[in-house]
Amino acid sequence: MMLLGLKIKKAIEDARTSPEQVAAHAEMSLTNLYKIYKRDSIDSKYLVKIAEATNKSVDFFLYDDDEPRSGNQVRGIGNAIGAITNQKINTGPGKKDVDTAVEESVIINQLTQQLEACADKVKSLQNEIALKDQIINLKDQLLEQAKK
């Protein structure tokens, strides 16, 4: 697996654009771009901008052709959530951000299930209220008839 920073450097070279132009587009200093070349992680907001500047997809930087696709799917969740929350994206398996993304996905699923259960409970309670209203109306009608 190629270091993420090296993939970025190669993409800039292949795009025949200057590091200065890419850094400007990514709204970072040239020094920070050069530091990224030596790392295997990057803030998602910068990765998205670098991908735009080099006409590459974000996936190009995150996935190797020889990686198993199941790992790609997990990191895809991390990438999607990281892009929204500006979290740092790491490409290696088992990284903290991927774990966080998976945990967030599980929490979202649990909350969705709880919300559906609450909606079912609301419907059930509304039905009970309707039945109680009918009983009260019948009771009132019987009392009126008994008075006559």
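Structure's up top.
To start, this report covers the structure provided alongside it. The shown structure was predicted, so the numbers you read here are calculated from the model rather than taken from an experiment.

Once that is clear, we can look at the overall build of the chain. Of regular secondary structure, the chain possesses 7 helices and 2 strands. If you list the helices and strands of the chain from N to C, you get α-α-α-β-α-α-α-β-α. Residue burial in the chain is summarised as follows: out of 148 residues, 27% are buried. Expressed as a percentage of contacts within the chain between residues at least 6 apart in sequence, the contacts between residues at least 24 apart total 57%.

So, on to the packing of aromatic side chains. A ring pair, where both rings are aromatic, is described by two values, the distance of the centres and the angle of the planes. According to the stated counting rule, one finds 2 aromatic pairs in the structure shown. Measuring from ring centre to ring centre gives 5.6 Å for Y34 and Y37, while their planes differ by 65 degrees; the resulting arrangement is edge-to-face. Owing to a relative accessible area of 10%, Y37 belongs among the buried residues under this scheme. When the centroid spacing of 5.1 Å and the interplanar angle of 85 degrees are considered together, the rings of F60 and F61 count as edge-to-face. Positioned over the ring face of F60 is K7, at 5.4 Å from the centre of the ring. In this arrangement the basic side chain of K56 is found over the ring face of F60, its NZ or CZ atom lying 4.5 Å from the centre.

What counts, and where the lines are drawn
- Residues numbered from 1 in each chain as written.
- Predicted model: local features only at pLDDT ≥ 70, side-chain atom pairs only at ≥ 80, totals over all residues.
- Heavy atoms only, no water.
- Helix = DSSP H or I, 4+ residues; strand = E, 2+ residues; numbered from the N terminus.
- Buried < 20%, exposed > 50% of the residue type's maximum accessible area, 1.4 Å probe, protein only.
- Contact = heavy atoms within 4.5 Å.
- Phe/Tyr/Trp six-rings, centres within 6.5 Å; stacked < 30°, edge-to-face > 60°.
- Lys NZ or Arg CZ within 6 Å of the ring centre and 35° of its normal.

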